[in-house]
Amino acid sequence: MEQQLDYAAVRAAADRIAGSVRPVAVAPASDGVWYALEHLQHTGSFKARGARNFLAAHHRAGTLPSAGVTIASGGNAGLACAWAARGQDVPATVFLPVNAPRVKVERLRGYGAEVRLVGDRYAEALAACQEFAAVSGALSSHAYDHPLIAAGAGTLLDEIRAGLPGLDTVVVAVGGGGLFAGIATAAREHGVRVVAAEPENCRALNAALAAGRPVDVAVDSVAADSLGATRVSADALAAAQDGSVTSVLVPDTAITDARRALWEEHRIVVEAGAATALAAQRAAREPLGERVAVLLCGANTDPGDLAR
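Residues numbered from 1 in each chain as written. Predicted model: local features only at pLDDT ≥ 70, side-chain atom pairs only at ≥ 80, totals over all residues. Heavy atoms only, no water.

Asker: Give me the lowdown on the overall build of the protein, citing residues and values where you can.
Answerer: Secondary structure assignment for the protein yields 12 helices and 10 strands. The C-alpha radius of gyration computed for the protein amounts to 18 Å, which stays within 12% of the reference 19 Å derived for 308 residues, consistent with globular compactness. Considered along the principal axes of its C-alpha atoms, the protein spans approximately 55 × 45 × 40 Å. Among the 308 residues that make up the protein, the fraction classed as buried is 55%. Here the contacts in the protein between residues at least 6 apart in sequence split such that 71% fall between residues at least 24 apart. Carbon and sulfur atoms form 47% of the exposed surface of the protein, whose accessible area is close to 13,100 Å². One finds the centroid of the 27 positive side-chain charges in the protein at a distance of 3 Å from the centroid of its 32 negative side-chain charges. (Helix = DSSP H or I, 4+ residues; strand = E, 2+ residues; numbered from the N terminus. Rg over C-alpha atoms; globule rule 2.2 N^0.38 Å. Buried < 20%, exposed > 50% of the residue type's maximum accessible area, 1.4 Å probe, protein only. Contact = heavy atoms within 4.5 Å. Areas by Shrake-Rupley, 256 points an atom, 1.4 Å probe, with all protein chains shown as cover. Lys, Arg positive; Asp, Glu negative; His and termini not counted. Charge placed at Lys NZ, Arg CZ, Asp CG, Glu CD.)

Asker: So what's going on with the sheet that holds strand 2 (residues 33-36)? Residues and values would help.
Answerer: The strands making up a sheet are joined through hydrogen bonds of the backbone, oriented either antiparallel or parallel. One open sheet accounts for six strands, arranged 1-2-10-7-8-9; its pairing is mixed. A single partner strand is all that each edge strand has here, and the edge strands are strand 1 (26-30) and strand 9 (245-250). Here the average twist between neighbouring strands, direction ignored, is 25°. Running at roughly 135° to strand 10 (residues 292-295), helix 6 (residues 147-163) makes contact with strand 1, strand 2, strand 7 (169-173) and strand 10 of the sheet. (Pairing = 2+ DSSP bridges. Axes fitted to C-alpha atoms, helices over the stretch in contact; angles between N-to-C directions.)

Asker: Run through the layout of surface pockets, naming residues and quoting values.
Answerer: There is about 160 Å³ of room inside the second largest pocket. Surrounding the second largest pocket, Thr-169, Arg-193, Val-194, Val-195, Ser-244, Thr-246, Val-248, Ala-280, Ala-283, Ala-284 and Leu-288 form its lining. Broken down by secondary-structure element, the contributors of at least two residues to the lining of the second largest pocket are strand 8 (193-199), strand 9 and helix 12 (272-283). Among the elements that make up the lining of the second largest pocket, the one with the highest residue count is strand 8 (three residues). (1 Å grid on protein atoms, 1.4 Å probe; cavity = no way out; pocket = protein on both sides within 12 Å on 5 of 7 lines; lining within 4 Å. Points joined across faces, edges and corners; volume = space filled by probe spheres on them.)

Asker: Quick rundown of empty space enclosed by the protein? Include the residues and the values.
Answerer: Inspection of every chain in the model, using the stated rule, returns two cavities of 30 Å³ or more. As a volume, the largest cavity reaches approximately 60 Å³. Put simply, the parts of the chain that give the lining of the largest cavity at least two residues each are helix 2 (47-61) and helix 3 (76-88). Broken down by element, the residue count for the lining of the largest cavity peaks at three residues, all from helix 3. Here the lining of the largest cavity is built from residues that sort into seven nonpolar, two polar and one charged. In this structure, the second largest cavity spans a volume of roughly 40 Å³. Phe-46, Lys-47, Gly-50, Ala-143, Tyr-144, Ile-149, Ala-153, Gly-178 and Leu-179 together form the lining of the second largest cavity. (Nonpolar A, V, L, I, M, F, W, Y, C, P; charged D, E, K, R; others polar.)

Asker: Could you give an account of the nonpolar core, with specific residues and numbers?
Answerer: In this structure, Leu-179, Phe-180 and Leu-295 are the most contacted members of the largest nonpolar core, which totals 71 residues. Excluding its chain neighbours within four sequence positions, the residues that come into contact with Phe-180 are Val-172, Val-174, Val-194, Ala-196, Leu-205, Ala-236, Ala-239, Ala-240 and Val-245. Formed by 31 residues, the second largest nonpolar core is a distinct cluster that contains Ile-17, Val-21, Ala-80 and Leu-108. (Core = buried A, V, L, I, M, F, W, Y, C linked by side-chain atoms within 4.5 Å.)

Asker: Please provide a residue-by-residue account of the pattern of salt bridges, values included.
Answerer: Counted by the stated rule, this structure contains 10 salt bridges. We note a salt bridge from Glu-114 to Arg-116, for which the minimum N-O separation is 2.9 Å. Here Glu-114 falls in the partly exposed class, since its relative accessible area comes to 39%. Residue Arg-260 pairs with Glu-264 through a salt bridge whose shortest N-O separation is 3.9 Å. Placement of both Arg-260 and Glu-264 in helix 11 (residues 252-266) is noted, with a separation of four residues, approximately one turn of the helix. Each of Arg-11, Asp-158 and Arg-161 takes part in one network of salt bridges that share partners. (Salt bridge = Lys/Arg side-chain N within 4 Å of Asp/Glu carboxyl O.)

Asker: Please set out the packing of helix 1 (residues 7-17) against helix 6 residue by residue, giving values where relevant.
Answerer: In a packed pair of helices, the relevant descriptors are the angle between the two axes and the axis-to-axis distance. Put simply, helix 1 and helix 6 touch, their axes get as near as 8 Å, and they point 85° apart. Our classification of the angle between helix 1 and helix 6 gives roughly perpendicular. Across the interface between the two elements, Tyr-7, Ala-9, Val-10, Arg-11, Ala-13, Ala-14, Arg-16 and Ile-17 from helix 1 touch Leu-148, Ala-151, Gly-152, Gly-154, Thr-155 and Asp-158 from helix 6. Of the residues contributing to the contact of helix 1 with helix 6, the split by class is eight nonpolar, three polar and three charged. (Parallel < 35°, antiparallel > 145°, perpendicular 65-115°, else oblique.)

Asker: Quick one: what's the story with unusual backbone geometry, residue by residue and with numbers?
Answerer: The residue Asp-89 is not glycine, and still its phi comes out positive at about 60°. With respect to the secondary-structure elements, Asp-89 resides in the loop between helix 3 and strand 4 (92-96). Judged by its relative accessible area of 72%, Asp-89 falls in the exposed class. A positive phi angle, close to 55°, is found at Arg-267, a residue other than glycine. Its location among the elements puts Arg-267 in the loop between helix 11 and helix 12.

As structure tokens, then:
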């Protein structure tokens, strides 16, 4: 099924996922700044949008196999895939390393997924997932690098605009680039500026912009569990090369401070990846715009360290 990432794809995704995802709420934070509360989404992150769109598109096209879907991910993408598969009443088979945290395994099983533990490293789980897809005929999903996944995430932009008329800037954290690519694609359609925020030591997009092509980067950050992609998608790089996008790097200390500030000032609990967007907004020397939305994209985290 041929797909490309453009605004028409984002609008088609909005149609497919309508009624099955929670519309994002937008709340005032400070003068000129609002929070887009996507951490309240099903499965605890924006990933539910892309996963739902991916499976719904295949279902409508008649290309969703009875063997279901498979993915190698113990993080937000795996949870979203399992949730979306349950909604389509098809099996989900999720591959993880044998040392994956038990809480992740149990949560995946809670969504009805079959969990297969293979190898000591993610690469081994991924290889087993690919082999399973080839043998079983299951549809192979990706955490971020697919037009349907990115288009599903991009539906957030129009929802934010509906909740915040006059939006001129959106700040979004970047890992592999699926969320960013989708949002930037929709933002370009409406003349909205995008600030792409990354940790200093998880900078796949920033490095790709410098090199002019996707390149492998080292990953070492407090936000690496969700933003730790070693290479950004080609769609994300293409979106970032637009003049309305600004790439910003923030240190881990700023991310940790932003995450704690959300808790202390608003009693909002998010993962470090989501706090990266707020860290970029807080670090700006000048206002990023007159009506700025900071996207809080996920909350799958242990809140224990916030209450100390």
